[in-house]
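Each chain is listed here by its residues.
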Amino acid sequence: MNNRLRIALYQPDIAGNTGTILRFAACLGLGVDIIEPAGFPLSDRALKRAGMDYIEMADLTRHADWNAFQGWRKAAARRLVLLSTKAAISYTDFAFAGGDILLFGRESAGVPDAVHEAAQARLIIPMQPGARSINVALSVAMVAGEAIRQLG
């Protein structure tokens, strides 16, 4: 099994966030999986606007839908770790493993219940009471940073 961490984006809504995540992942050598459909055209032009020239460096895999992604993930025997505001375990209290896929939901709606239930682990970024969510690109950076720190 490939021990490199991957970041998965479930039907992302905002091209700018996706481009930022692709740039981040390219700089740190992380793979990115986009589970379609996206809420914007997934064209090189749209992604390059936010990700600049880092898009060519990104290890990007596009999946036509959730079922295609799940088939690929199961065949690769990778653990799915979902970040969710509905989770109870803090990402800082979790033991990450090489090969984990860190899954982040849509900016507007998160993930549906079936996707939530498919994850082997569900983690939360603790926030102040009344706060709804942290920008997805910042969330990716926080959680991937902790996973990288743990894995050395």
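Just so we're clear, the structure is a prediction, and the values are computed from it rather than from any experiment.

Participant: Is there a simple way to think about the UniProt feature "binding site: S-adenosyl-L-methionine" (unreviewed entry) in the protein chain in this case?
Facilitator: Cross-referencing UniProt, the feature "binding site: S-adenosyl-L-methionine" (unreviewed entry) maps to Leu83, Gly105, Ile125 and Ser133 in the present numbering. A compact arrangement is adopted by the annotated residues: their sequence extent is 51 residues, whereas the largest C-alpha distance between any two is 13.5 Å. With respect to the helices and strands, Gly105 occurs in the loop between β6 (101-104) and α4 (113-118). Judged by relative accessible area, which is 18%, Gly105 ranks as buried. Sequence-distant contacts of Gly105, defined by excluding residues within four places in its chain, comprise Tyr10, Gly110, Val111 and Val136. When you line up the elements, Ile125 lands in the loop between β7 (121-124) and α5 (136-151). For Ile125, a relative accessible area of 10% corresponds to the buried category. Apart from the residues lying within four places of it in its own chain, the contact partners of Ile125 are Leu83, Tyr91, Ile134, Ser139, Met142 and Val143.

Participant: Hey, could you run me through the pattern of salt bridges in this one?
Facilitator: Pairing of side chains with opposite charge becomes possible as their charged atoms draw close. Counted under the stated rule, the structure contains seven salt bridges. Close ionic contact of Arg6 with Asp33 constitutes a salt bridge, the shortest N to O distance being 2.7 Å. Here Asp33 lies in strand β2 (residues 31-35) and Arg6 lies in strand β1 (residues 6-10), a separation of 27 residues in the sequence. Overall, Arg6 belongs to the buried group, its relative accessible area being 5%. When its relative accessible area of 0% is taken as the criterion, Asp33 is described as buried. In this structure, Glu146 and Arg149 form a salt bridge, with 2.8 Å as the shortest nitrogen-oxygen distance. Linking Glu146 with Arg149, this pair stays in helix α5, spanning three residues, or about one helical turn. One network of salt bridges, in which partners are shared, links Arg4, Arg6, Asp33 and Asp59.

Cut-offs and rules
Residues numbered from 1 in each chain as written. Predicted model: local features only at pLDDT ≥ 70, side-chain atom pairs only at ≥ 80, totals over all residues. Heavy atoms only, no water. UniProt positions renumbered as here; feature names shortened; annotations may be inferred. Helix = DSSP H or I, 4+ residues; strand = E, 2+ residues; numbered from the N terminus. Buried < 20%, exposed > 50% of the residue type's maximum accessible area, 1.4 Å probe, protein only. Contact = heavy atoms within 4.5 Å. Salt bridge = Lys/Arg side-chain N within 4 Å of Asp/Glu carboxyl O.

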